[in-house]
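Residue-level structure breakdown
Here are the chains, one letter per residue:
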Amino acid sequence: MADTQRSSKVWQNFGQLVSGRLMSAILTLLATACMARALGPQEFGWVVIMHTYVLTARALFNLKPAETFVRFAVPLIDKNDVPKVNQLLGLVRSFEWVTVLLATMLAVMAVPLLGPALSLPDSASAVLMAYCLVLLTSPVGSARGFCRAAERFEVLRTALAIGPAVRLIGVLIAWQMQASWHYFAAAWGISACVSYLYLGWRGRRLMRESGYQPQHLPWSKAGAQYPGLPGFVGVVY
């Protein structure tokens, strides 16, 4: 009976993620199609390049904090080891913020060098530098990992869908107003921020409700406190 219930729960969680990703894909496709109709090929390309540039910068410095938290926190949660879970939350949050700040700084600094290679005029390069600030809202690995460990996949489903929904609304408003490409870029950037901010807010709220609170742990003690953690981070990266 326990195995059947566990299997049912796994499939339920899987369905939550699939439905969220499906909704995200559909809304993103609609937003992209509407923007393609509203803008010329050049302006459309600029917006796509900006969004892709920011996603690439984030991916290059993403050490998979959510996967790290799930791997080491689930056994601790099962044993109700609150202090170690809190320290792991603090550790994951700290190294994610360092990588995000580094990614943001390098992404902004690289724009003047990569702008000409991407065929961006100076005005578009300036917008791209501002667009890079979206990265500052992206440290949500601890929140995502906690939602997965606590099996709150409905939060992840909503986070997957809410950003593309805001994007589509923003694109439709800009199209109706016959706005310049800058407004379409703003719609894409704001939608990414909304998705990150929502997940971060819900994740922190779940932590508090569950009795957890991130606590500082020096990086030098991470290997001893959580054996195998440095190697695991390297493998998943």
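Everything below is about the structure printed above this text.
The notes below deal with the structure included here. (Residues numbered from 1 in each chain as written. Predicted model: local features only at pLDDT ≥ 70, side-chain atom pairs only at ≥ 80, totals over all residues. Heavy atoms only, no water.)

1. Comments concerning the packing of aromatic side chains
Worth spelling out the cut-off: Each Phe, Tyr or Trp ring, with Trp reduced to its six-membered ring, pairs with another whose centre is within 6.5 Å; inter-plane angles below 30 degrees give stacked pairs, above 60 give edge-to-face pairs, and intermediate values give tilted ones. Only DSSP runs of H or I with at least four residues qualify as helices, and only runs of E with at least two residues qualify as strands; both kinds are numbered from the N terminus onward.
Throughout the structure, instances matching the rule amount to 5 aromatic pairs. Look at F72 and F232: their rings are 5.7 Å apart centre to centre, the planes differ by 90°, and that puts the pair in the edge-to-face class. With a gap of 160 residues between them, F72 in helix α3 (residues 65-78) and F232 in helix α10 (residues 229-236) connect regions that are remote in the sequence. Between Y198 and W201, the aromatic rings sit 6.2 Å apart at their centres with planes inclined by 55°, giving tilted as the arrangement.

2. Examining helix α8 (residues 181-209)
Note the cut-off: Helices are assigned an expected span. That span is 1.5 Å times one less than the residue count.
Compared with the 42 Å implied by 1.5 Å per residue over 29 residues, the 42 Å span of α8 between its first and last C-alpha is a close match. Remark: G211 follows α8 within two positions and exhibits a positive phi of approximately 85°.

3. Quick notes on the pattern of salt bridges
Side-chain pairs of opposite charge can arise where the charged atoms are in close proximity. Keep this limit in mind: Salt bridge, as used here: a side-chain nitrogen of Lys or Arg that lies within 4 Å of a carboxyl oxygen of Asp or Glu. Burial classification: accessible surface area is computed with a 1.4 Å probe over protein chains only, and a residue below 20% of its type maximum counts as buried, one above 50% as exposed, and the rest as partly exposed.
Evaluated as defined, the whole model comprises 4 salt bridges. Across the pair E209 and R205 runs a salt bridge, and its minimum N-O distance is 3.2 Å. Taken together, the positions of E209 and R205, both in helix α8 and 4 residues apart, correspond to about one turn of that helix. Assessed through its relative accessible area of 54%, E209 is described here as exposed.

4. So, empty space enclosed by the protein
What counts, and what does not: Here a cavity denotes a set of grid points, spaced 1 Å apart and computed over the protein atoms alone, in which a 1.4 Å probe fits but from which it cannot get out, and a pocket denotes an open set meeting protein on both sides within 12 Å along at least five of seven lines; residues with an atom within 4 Å of a point are reported as lining. Grid points are joined across faces, edges and corners, and a volume is the space filled by probe spheres set on the points.
Taken as a whole and assessed by the stated rule, the structure comprises 1 cavity of 30 Å³ or more. The volume enclosed by the largest cavity comes to roughly 50 Å³. If you go around the largest cavity, the residues you meet are H51, V54, L55, Y131, V134, L135, A192 and Y196. Counting only elements with at least two residues in the lining of the largest cavity, the list comes to α2 (41-60) and α8. Residue contributions to the lining of the largest cavity peak at 3 residues, all from α2.

5. Some points on the layout of surface pockets
Threshold: Nonpolar residues are Ala, Val, Leu, Ile, Met, Phe, Trp, Tyr, Cys and Pro. Charged residues are Asp, Glu, Lys and Arg, and all others, Gly as well, are polar.
In this structure, the largest pocket encloses a volume near 920 Å³. In terms of lining residues, the largest pocket is bounded by 31 residues, among which R21, R144, L160, S195 and Y196 are the most central. Within the residue set of the lining of the largest pocket, elements represented by two or more residues are α1 (2-38), α2, α3, α6 (141-149), α7 (153-176) and α8. Of the residues forming the lining of the largest pocket, the biggest block, 7 residues, is contributed by α7. In the lining of the largest pocket, the residues fall into 14 nonpolar, 9 polar and 8 charged. Volume-wise, the second largest pocket comes out at about 300 Å³. The wall of the second largest pocket is formed by 17 residues, among which R93, P139, S142, G200 and R204 lie closest to the centre. Counting residues per element, the ones that place at least two in the lining of the second largest pocket are α4 (82-114), α6 and α8. Top contributing element to the lining of the second largest pocket by residue count: α8, with 6 residues. In terms of residue class, the lining of the second largest pocket is built from 9 nonpolar, 4 polar and 4 charged.

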